[in-house]
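A look at the structure
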Amino acid sequence: MKIITDKQELQNITKNTIQTIGFIPTMGALHEGHISLIKKARGENELVIVSIFVNPTQFLAGEDFDKYPKRDIADKKICELAGVDILFMPNIDMMYEKDEVTIKAPNIRGFVLDGFKRPGHFDGVLQIVLKLFNLVRPTNAYFGRKDAQQVILIKQMVENLFLPINVVDCPLIRDNNGLALSSRNAYLSVTEKEEALKISRSLQNATKLIVAGNLKIDEIKKAMMETLKGIDVEYIEIVSRELLIIEQIELKNTIILVVVKIGATRLIDNIWI
Ligand code: AMP
């Protein structure tokens, strides 16, 4: 595995290859969720490139940019074992200049859900992903459904800007107890982790209701709130896979999203119905 910190060096390789490139952008502190993306890319491409970059422009003031978990040594090992060919680890100066052309998330789908709760977040995500796409020139780019709105907006950017890239959305990976894997789980104490299990339980309960034939959004939300009792729920939303309002659950076209705060940690989870 080659570790590259210089964008020019990366571009020299990606510009001059005819190999198919699978790309997985990450912010590091890698876990099985990331590894599942890497493995999928490994099976579908000749060259696999992972980036690790904690992107400052997607964090709002007061968020956890300064304390975002860093595990460089472990991450390098994980990438090597997962069969990554190139690990790109730039620093901030390598990726950003002081005064830049910027990308703006779309007015509707970019400003609902997390776009509403974290204004500017998706502008930063799209900005860095576009920059990375231009350096890596991937054939296929892999994103997790864990960040549902993110992968949907990236697909829209690729479509709107005519980028010749296939965006692949990959299943959300959980631990044995059902907790959605996240680098931010590292912030949780043992009791907080126990508390966090209510999140996936609420989604399981929603699924059970739907399987039993209940397609009523209000009733499903209510049942989820019951399961989440005692937790600071930021929002539960049930939308279409286009992130638009729906009257009732539409099978194969619905996402149920839940966002909570456990202590100081903001956790997101969802299920695609
Ligand atoms: P991050 O490092 O959090 O920016 O995530 C990098 C990529 O890994 C994104 O496409 C995420 O959606 C994806 N990812 C993170 N956690 C999971 C998970 N539990 N299951 C599947 N994909 C994930």
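About the criteria used
Residues numbered from 1 in each chain as written. Predicted model: local features only at pLDDT ≥ 70, side-chain atom pairs only at ≥ 80, totals over all residues. Heavy atoms only, no water. Helix = DSSP H or I, 4+ residues; strand = E, 2+ residues; numbered from the N terminus. Rg over C-alpha atoms; globule rule 2.2 N^0.38 Å. Buried < 20%, exposed > 50% of the residue type's maximum accessible area, 1.4 Å probe, protein only. Contact = heavy atoms within 4.5 Å. Lys, Arg positive; Asp, Glu negative; His and termini not counted. Charge placed at Lys NZ, Arg CZ, Asp CG, Glu CD. Axes fitted to C-alpha atoms, helices over the stretch in contact; angles between N-to-C directions. Left-handed = near helix turned anticlockwise from the far one by under 90°. Nonpolar A, V, L, I, M, F, W, Y, C, P; charged D, E, K, R; others polar. 1 Å grid on protein atoms, 1.4 Å probe; cavity = no way out; pocket = protein on both sides within 12 Å on 5 of 7 lines; lining within 4 Å. Points joined across faces, edges and corners; volume = space filled by probe spheres on them. Pairing = 2+ DSSP bridges. Core = buried A, V, L, I, M, F, W, Y, C linked by side-chain atoms within 4.5 Å. Domains from an automatic or database assignment. Near = heavy atom within 4 Å. Polar contact = N/O pair within 3.5 Å; in protein donor to acceptor, adjacent residues only side chain to side chain. Areas by Shrake-Rupley, 256 points an atom, 1.4 Å probe, with all protein chains shown as cover.

Once that is clear, we can look at the overall build of the protein chain. From N to C terminus, the protein chain includes 9 helices and 9 strands. For 273 residues, the compact-globule formula gives about 19 Å, and the C-alpha radius of gyration of the protein chain, at 19 Å, lands near that figure. When its C-alpha atoms are laid out on the principal axes, the protein chain stretches across 55 × 40 × 40 Å. Evaluated residue by residue, the protein chain yields a buried proportion of 52% over its 273 residues. Put simply, of all contacts in the protein chain between residues at least 6 apart along the chain, 72% involve residues at least 24 apart. With 35 positive and 35 negative side-chain charges, the protein chain shows a spacing of 2 Å between the two charge centroids.

At a minimum axis distance of 8 Å, the contact between helix α8 (residues 190-211) and helix α9 (residues 217-227) shows a crossing angle of 145°. Note that α8 runs across α9; the crossing there is right-handed. On α9, the residues touching K198, R201, S202, L203, N205, A206, L209 and I210 of α8 are E219, I220, A223, M224 and T227. A breakdown of the residues in the contact of α8 with α9 according to their chemical character gives 7 nonpolar, 3 polar and 3 charged.

A few words now on the layout of surface pockets. The computed volume of the second largest pocket comes to approximately 300 Å³. Counting residues per element, the lining of the second largest pocket draws most heavily on helix α3 (residues 72-82), which supplies 3 residues. Here the residues of the lining of the second largest pocket are counted per class, giving 11 nonpolar, 3 polar and 5 charged.

Right, let's get into the pairing of strand β5 (residues 140-144). With 5 of 5 residues buried, β5 is to be regarded as a mostly interior element. Judged by which residues are buried, β5 turns out to be covered on both faces: N140, Y142 and G144 on one side and A141 and F143 on the other are all buried. With 2 bridges joining them, strand β2 (residues 21-26) and β5 adopt parallel strand pairing. In the sheet register, G22 faces β5, and the bridge partner there is N140. Two strands pair when backbone bridges link them, and β5 and strand β6 (residues 166-170) are joined in this way by 5 bridges, in the parallel orientation.

This part takes up the sheet that holds strand β9 (residues 265-272). What the 3 strands build is an open sheet, ordered β7-β8-β9; its pairing is antiparallel. Both outer strands of the open sheet, β7 (232-240) and β9, are each paired with one neighbouring strand and no more. Going across the sheet, the axis of each strand differs from the next one's by a mean of 15°, ignoring polarity. Bridge count for strand β8 (residues 254-262) against β9 is 8 bridges, and the pairing is antiparallel. Considered in β9, the bridge of V258 is made with D269. Seen against the sheet, helix α7 (residues 148-160) touches β8 and β9 and runs at an angle of roughly 65° to β9. Against the sheet, α8 makes contact with β8 and β9, and its axis sits at roughly 160° relative to β8, the strand it touches most.

Turning next to the nonpolar core. Counting residues in hydrophobic clusters, the biggest one holds 42 residues, and the most contacted among them are L10, I49, M95, V129, F133, F143 and I154. Mapped by element, the contributors of at least two residues to this core are β2, β3 (47-52), β4 (86-88), α6 (121-136), β5, α7, β7 and β8. For this core, the element with the most residues is α6, which contributes 10 residues. Two domains share this core, each providing at least three of its residues, namely domain 1 (2-170) and domain 2 (183-267).

This part is about the site of the ligand. Neighbouring residues of the ligand: 17 residues in total, closest M27, H34, D147, I173 and L181. Measuring from an oxygen atom of the ligand, one finds a side-chain N or O atom of D147 at 2.6 Å. Coverage of the ligand by the protein amounts to 93% of the 480 Å² it exposes when considered alone. Of all the secondary structure elements, the ones that give two or more residues to the shell around the ligand are β2, α2 (32-44) and β5. Counting residues per element, the shell around the ligand draws most heavily on α2, at 3 residues. Among the residues forming the shell around the ligand, the class breakdown is 9 nonpolar, 6 polar and 2 charged.

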